[in-house]
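# Geometric and topological summary
Letter by letter, the chains look like this.
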Amino acid sequence: MTPSLMRSAAQLVRRRSYSAALGHPERKVAILGAAGGIGQPLALLMKLNPLVSSLSLYDIAGTPGVAADVSHINTPALVKGFMGDDQLGEALEGADVVIIPAGVPRKPGMTRDDLFNINAGIVKNLSAAIAKYCPNALVNMISNPVNSTVPIAAEVFKKAGTYDEKRLFGVTTLDVVRAKTFYAGKANVPVTDVNVPVVGGHAGITILPLFSQATPATNALSHEDIKALTKRTQDGGTEVVEAKAGKGSATLSMAYAGAVFADACLKGLNGVPDIVECSYVQSTVTELPFFASKVRLGKNGVEEVLGLGELSDFEKEGLENLKGELKSSIEKGIKFANAN
């Protein structure tokens, strides 16, 4: 083959393998629950992501309208809407990343535990479909209570023989987003420069922001300030539910956080080095089978689950206090998944 023909063949292969204008591998992202309060803004944000070549929007109702609306945005991702059980397989087929915000939102007075029976059933059914149609996808679980829904998905995947702990994530990024915002405001530092690891789980006291490891570091915060920031981070969801006075929960900030984490997953899949985010995953960092901590992402999902680092005495106490509740939530999810 002549050099010019070899170059032409190589260019053709590249065009087939990569999204034409952007030079990125073609990636399909599926959003399950795309017509909901989180799903719609999440669909918008993923349509804007240049790493997405195909965006699959699924829900039990209303998806064609959301898909039509989002599809008019002049970015390269091709959008398709799917609705109802009979279209779920097509929505999932070939997906690289599946994001699950499906389920009912919190209402005033509801705890994440109150959501359990409804959302657990939804997650169980969707996980079974993922195991069947896209078993190698990275699964980003947003549906609450995440402390239980991630173990439910794991059990479903185990039964189907498709479980890979490197590919299942509980999205706890909103806790990190809140911790960064609240810390920056109190420490009077630029929020765009701030990083705060958040470990544990994704509900109440199981959320443990590690402000002792926050960057940039500051001496401006007292112990009482740290306690107050920790409590506010843990109660961030309730703060929004109460502020919306019964008319919604944290949908916009959650959609943003979900988009941030999905972007990190896509970058990892594409081989971008040193992508580190906090996530709730199968873990040996503590004695608990699932735990949120910093995770290095790569071409197979989780490349490395990172340790907790040095904790303050306040954080050590918080870690011990959260273990009982998190253990109970994990066991509840496993029991539900194996009940029938």
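For the structure, see preceding data.
Just so we're clear, the structure is a prediction, and the values are computed from it rather than from any experiment.

## Focus on the overall build of the chain
- Looking only at helices and strands, the chain features 11 helices and 11 strands.
- With the principal axes as the frame, the chain shows a C-alpha extent of 70 × 50 × 40 Å.
- Put simply, the chain has 340 residues, and 51% of those count as buried.
- Once local pairs closer than 6 in sequence are excluded, the contacts in the chain between residues at least 24 apart make up 69%.
- Carbon and sulfur atoms make up 53% of the accessible area of the chain, which amounts to about 15500 Å² in all.

## Re the side chain of Gln-234
- By the secondary structure assignment, Gln-234 is in helix H8 (residues 223-234).
- By relative accessible area, which is 13% here, Gln-234 ends up buried.
- Setting aside its immediate chain neighbours within four residues, Gln-234 contacts Gly-204, Ile-205 and Ile-207.

## Focus: the nonpolar core
- With 46 residues, the main nonpolar core has Leu-32, Leu-92, Val-98, Ile-100 and Ile-130 as its most contacted residues.
- Put simply, the parts of the chain that give this core at least two residues each are strand E1 (28-32), helix H4 (88-92), strand E4 (97-100), helix H5 (116-133), strand E5 (138-141), helix H6 (146-160), strand E10 (290-298) and helix H11 (313-337).
- Those residues in contact with Leu-32, other than ones at most four positions away along the chain, are Tyr-58, Leu-88, Leu-92, Val-98, Ile-99, Ile-100, Pro-101, Ala-102, Leu-126 and Ile-130.
- Leu-51, Val-79, Ala-255 and Ile-275 belong to the second largest nonpolar core, which has 41 residues in total.

## Description of unusual backbone geometry
- The step from Asn-144 to Pro-145 runs through a cis peptide bond, and the omega angle for that step is -5°.
- Inspection of the secondary structure puts Pro-145 in the loop between E5 and H6.
- For the bond running from Thr-215 to Pro-216, omega is -5°, close enough to zero to count as cis.
- Note that Pro-216 resides in the loop between strand E8 (207-209) and H8.
- One non-glycine residue, Asn-188, lies in the positive phi region at around 60°.
- Residue position: Asn-188 is located in the loop between helix H7 (173-187) and strand E7 (198-200).

## Quick word on the layout of surface pockets
- What the largest pocket holds in volume is close to 620 Å³.
- For the lining of the largest pocket, the elements supplying multiple residues, two or more each, are strand E2 (54-59), H5, H7 and helix H9 (236-243).
- Ranked by the residues each element gives to the lining of the largest pocket, the list is headed by H5, at 4 residues.
- The class makeup of the residues in the lining of the largest pocket is 17 nonpolar, 13 polar and 5 charged.
- Reported here for the second largest pocket is a volume of approximately 340 Å³.
- Contributing to the lining of the second largest pocket are 16 residues, with Val-176, Lys-180, Val-194, Asn-195 and Glu-277 lying nearest its centre.
- Of all the elements in the fold, those that place two or more residues in the lining of the second largest pocket are H7, helix H10 (252-269) and strand E9 (275-282).
- If one sorts the elements of the lining of the second largest pocket by residue count, H7 sits on top with 5 residues.

Here is what the cut-offs are and how they apply
Residues numbered from 1 in each chain as written. Predicted model: local features only at pLDDT ≥ 70, side-chain atom pairs only at ≥ 80, totals over all residues. Heavy atoms only, no water. Helix = DSSP H or I, 4+ residues; strand = E, 2+ residues; numbered from the N terminus. Buried < 20%, exposed > 50% of the residue type's maximum accessible area, 1.4 Å probe, protein only. Contact = heavy atoms within 4.5 Å. Areas by Shrake-Rupley, 256 points an atom, 1.4 Å probe, with all protein chains shown as cover. Core = buried A, V, L, I, M, F, W, Y, C linked by side-chain atoms within 4.5 Å. 1 Å grid on protein atoms, 1.4 Å probe; cavity = no way out; pocket = protein on both sides within 12 Å on 5 of 7 lines; lining within 4 Å. Points joined across faces, edges and corners; volume = space filled by probe spheres on them. Nonpolar A, V, L, I, M, F, W, Y, C, P; charged D, E, K, R; others polar.

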